[in-house]
Amino acid sequence: MAKPKTAVLIINLGTPDSPSVADVRKYLREFLMDARVIDIPFWRRFLLINFVIAPFRAPESAKGYHELWTSQGSPLKVYGMELEGLLQQALGADFQVKLAMRYQSPSIRSVLSHFKGKGFKQLIVIPLYPQYASSSSGSTMEEVMNVIKGWEVIPEIRLISQFFDHPLFIKSLVEIGKKYMVQERYDHYLFSYHGLPEHHILKSSCEHYCRLGDCCSVYNNKNQYCYRAQCFETTRLLVNGLGIKKEDYTVCFQSRLGKTPWIKPYTDEIIKQLVGRGTKKVLTFSPAFVADCLETTIEIGVEYKKLFLEHGGERWQLVESLNVNPLWVECLKQMVKQNCHPEA
C-alpha cells in the first residue's frame, strides 16, 4: 500500500478530560494562561488565573460541563473524532487526517509527533474556527509552529487561517437553518458569535482604520483580519441564503469575561431588548462554532433561553452546529484539496 503523501491536522479549542471540578480547573488554567487569550504581563496573568479565575470559575463551569456531557464524553471531542474519520474517508489513502485540541488532549504536540519523521511531503493545518482571531486561530497556528520548528525535516506547510466565506460552509449552515424555518415562523433571528475584548480587535489589521465604528460591520481589504467584520460578513452571507430581511435579524456577541469592554452588542442585552419590543419567537445561530459545546448547548441553548423566557419570550430555538454534517465534511475536503501539493 502506498504511503500517504499529505498530513492533515484539524484542530479545535479543546475540552476538559471530564466534567469534574479538578479537570475543569486544569483546562481553564491551560486555556487562560495563553498569552494570546489574556494578553497581560505573565506575572499578572499567573496570579489572576491561578488564584482568582480558575479556583472560583471552575466549580460553576463544571456544572455546565456535567449538563453538557454525554455517555460518550464531551460533544466537542466526540464530534471531532467522528469528523476525523469522515474526512479521512472522504480524502482517501493519499492523506492522513488527525484531530488535535489546542488545550488538553489530544494535544497538538502529541498528534504532530505522530506525523514527525513519516516522510510527508506536506502538512495542511486547519484550525476549526471560521473567523480569524488571534486568541483562537492565531494561538493555534503559533503552537503548531512552535512544535514544528524543532523538527530536523520540516515539510511544506499550509495554514488555513479562516473559512467564514467558503461557499460550502455557508451552504451547510443555511441547510440546517432552513430545517427550522420551514417548521415554524419566527419573529426574529439572532446570530450570536463568541465575543472578544475590544482591544483584541484594535490590535488586528483594522487598528489604524477604525475605532469599532460602522466600518467594522463591513468586511473589506482594509479590515480582512478583523474578527468583528468577519462575523458581520458571515451573517450577511447566511441571511442572503436564508432569505431573512435586514430588519428581522441581529448580530451579537456572547461569553464576555471580566470588566474590560468587549465587542458589542452583547447577546444577553439584545435578548432583553427584543422581548421589550414584543418579540416572542427567536431562532438563534452560532456561526463561530463548528461543533456543539458549552458555549452553544448550554450558554445559548439553556442560559439564554431561560433569560428569554423569564423576560416574556415564548419560544427560543438554537440551531445546532455543523458537527458532522455531510456538507461540512465536503467543505473541509475541498479546503484540503485546494491547498494540497499538486502531486497529492
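The structure under discussion appears in the preceding block.
Think of each chain on its own: its residues are numbered from 1, step by step along the sequence as written. The predicted nature of this model means local features are confined to residues of pLDDT at least 70 and side-chain atom pairs, given and counted, to a pLDDT of 80 or more, with totals for whole chains, interfaces and linings taken over all residues. Side-chain numbers come from the whole structure's heavy atoms, not from hydrogens or water.

Caption draft 1: Inspection of helix 11 (residues 326-339) at higher detail. Helix and strand definitions here come from DSSP, where helices need a minimum of 4 consecutive H or I residues and strands a minimum of 2 consecutive E residues; each element is numbered from the N-terminal end. Working rule for helices: expected span equals 1.5 Å times residues minus one. For helix 11, built from 14 residues, the straight-helix expectation of 20 Å at 1.5 Å per residue is met to within 8% by its first-to-last C-alpha distance of 20 Å. With a 1.4 Å probe rolled over the protein chains alone, any residue whose accessible area is under 20% of its type maximum counts as buried; one over 50% counts as exposed, and the rest are partly exposed. Restricting attention to buried positions, one finds in helix 11 the residues L327, W328, V329, C331, L332, M335, V336 and N339. Every residue pair with non-hydrogen atoms within 4.5 Å of one another is taken to be in contact. Tucked inside the fold, the buried residues of helix 11 contact strand 1 (6-14), helix 3 (75-91), strand 2 (95-103), strand 3 (122-127), strand 4 (156-159) and helix 6 (167-181). Two N or O atoms count as a polar contact when they lie within 3.5 Å, although within protein this holds only if one can serve as hydrogen donor and the other as acceptor, and sequence-adjacent residues are included solely when both atoms are side-chain atoms. Of the residues that open helix 11, the one with a side-chain oxygen 2.8 Å from the backbone nitrogen of L327 is N325.

Caption draft 2: Fine view of the nonpolar core. Formed by 58 residues in total, the largest nonpolar core has its most connected members in I126, F169, F191, Y227 and W328. Not counting the four nearest positions on each side in its chain, Y227 is found in contact with Q131, Y132, A133, Y193, H194, L196, I201, F253, I263 and A288. In this structure, V37, A62, Y103 and L294 belong to the second largest nonpolar core, which totals 19 residues. Here, nonpolar core means buried Ala, Val, Leu, Ile, Met, Phe, Trp, Tyr and Cys residues that are tied together by side-chain atoms lying within 4.5 Å of each other.

Caption draft 3: Molecular detail of the sheet that holds strand 8 (residues 315-318). Judged by pairing direction, the sheet is parallel, and its 4 strands sit side by side in the order 6-5-7-8 without closing on themselves. Unpaired on one side and paired on the other, strand 6 (249-254) and strand 8 mark the two borders of the sheet. With direction set aside, neighbouring strand axes in the sheet form an average angle of 25°. The sheet contact formed by strand 5 (residues 188-194) and strand 6 spans 6 bridges and is parallel. In the sheet register, L190 faces strand 6, and the bridge partner there is T250. In this fold helix 6 packs onto strand 5, strand 7 (281-285) and strand 8, with an angle of close to 165° to the strand it touches most, strand 7. Strands are treated as partners if at least two bridges between them are detected by DSSP. Axis geometry follows a simple rule: fit a line to the C-alpha atoms, using only the stretch in contact for helices, then measure angles between N-to-C directions, giving values from 0 to 180 degrees.

Caption draft 4: Representation of the side chain of T235 within the structure. Note on placement: T235 falls in helix 8 (residues 227-242). Given the relative accessible area of 1%, T235 is considered buried. Contacts of T235, omitting those with residues within four sequence positions, involve F191, Y193, Y249 and V251.

Caption draft 5: Layout of unusual backbone geometry. The peptide bond linking S105 to P106 adopts the cis configuration, its omega dihedral lying at -5°. Residue K264 is joined to P265 through a cis peptide bond whose omega torsion reads 0°. Non-glycine residue S255 carries a positive phi angle of around 65°. Structurally, S255 can be placed in the loop between strand 6 and helix 9 (267-276). Accessibility expressed as a relative area gives 16% for S255, which makes it buried. Of note, N323 is a non-glycine position whose phi angle comes to about 50°, a positive value.

Caption draft 6: Just empty space enclosed by the protein, in detail. The pocket and cavity definitions rest on a 1 Å grid over protein atoms only: a 1.4 Å probe that fits but cannot leave marks a cavity, an open set with protein on both sides within 12 Å along at least five of seven lines marks a pocket, and residues lining either have an atom within 4 Å of a point. Grid points are joined across faces, edges and corners, and a volume is the space filled by probe spheres set on the points. A complete count under the given rule lists 2 cavities of 30 Å³ or more for this structure. Here the largest cavity defines a volume of roughly 60 Å³. In terms of lining residues, the largest cavity is bounded by N12, L76, G80, L83, L99, M101, L128, V290, A291, N323 and W328. When residues of the lining of the largest cavity are traced back to their parent elements, those giving at least two are helix 3 and strand 2. In terms of residues, the lining of the largest cavity owes the most to one element, helix 3, which gives 3 residues.

Caption draft 7: Local environment of the pattern of salt bridges. The salt bridge criterion pairs a side-chain nitrogen of Lys or Arg with a carboxyl oxygen of Asp or Glu, the two atoms within 4 Å. On inspection of all chains with the given rule, the structure shows 10 salt bridges. E142 serves as the salt-bridge partner of R36, at 3.1 Å between the closest nitrogen and oxygen. You can see R36 sitting in the loop between helix 1 (21-32) and helix 2 (42-68) and its partner E142 sitting in helix 5 (residues 134-148), a full 106 residues away along the chain. Owing to a relative accessible area of 28%, R36 belongs among the partly exposed residues under this scheme.

Caption draft 8: The arrangement of the packing of aromatic side chains in detail. Pairing of aromatic side chains requires ring centres within 6.5 Å, counting the rings of Phe and Tyr and the six-membered ring of Trp. Pairs whose planes differ by under 30 degrees are stacked, by over 60 edge-to-face, and all others tilted. Summed over all chains, the structure comprises 16 aromatic pairs. Ring geometry for F191 versus F285: centroids 4.8 Å apart, planes at 10°, classification stacked. Taken together, the residues F191 in strand 5 and F285 in strand 7 connect sequence positions 94 residues apart.

Caption draft 9: Structural context of the packing of helix 1 against helix 2. Taken N-terminus to C-terminus, the directions of helix 1 and helix 2 make an angle of 135°; their axes are 8 Å apart at the nearest point. Between helix 1 and helix 2, the crossing angle belongs to the class labelled oblique. Regarding helix 1 and helix 2, the two cross each other, and that crossing is right-handed. Between helix 1 and helix 2, the contacting residues are V21, V24, R25, Y27, L28, R29 and L32 on the first element and R45, I49, N50, I53, A54, P55, R57, A58, P59, S61, A62 and Y65 on the second. The class makeup of the residues in the contact of helix 1 with helix 2 is 13 nonpolar, 2 polar and 4 charged. When describing relative orientation, an angle under 35 degrees is termed roughly parallel and one over 145 degrees roughly antiparallel, while 65 to 115 degrees is termed roughly perpendicular and anything else oblique. Should the near helix be turned anticlockwise from the far one by less than a right angle, the crossing is termed left-handed; should it be turned clockwise, right-handed. Side-chain classes follow a simple rule in which Ala, Val, Leu, Ile, Met, Phe, Trp, Tyr, Cys and Pro form the nonpolar group, Asp, Glu, Lys and Arg form the charged group, and the remainder, Gly included, forms the polar group.

Caption draft 10: Spatial organisation of the sheet that holds strand 3. With respect to topology, 4 strands assemble into an open sheet ordered 2-1-3-4, the strand pairing being parallel. A strand with exactly one partner marks an edge of an open sheet, and here the two such strands are strand 2 and strand 4. Here the strands of the sheet are splayed against their neighbours by 20° on average, with no regard to which way each runs. Together, strand 1 and strand 2 form the strand contacts of helix 3, whose direction differs from that of strand 2 by roughly 160°.

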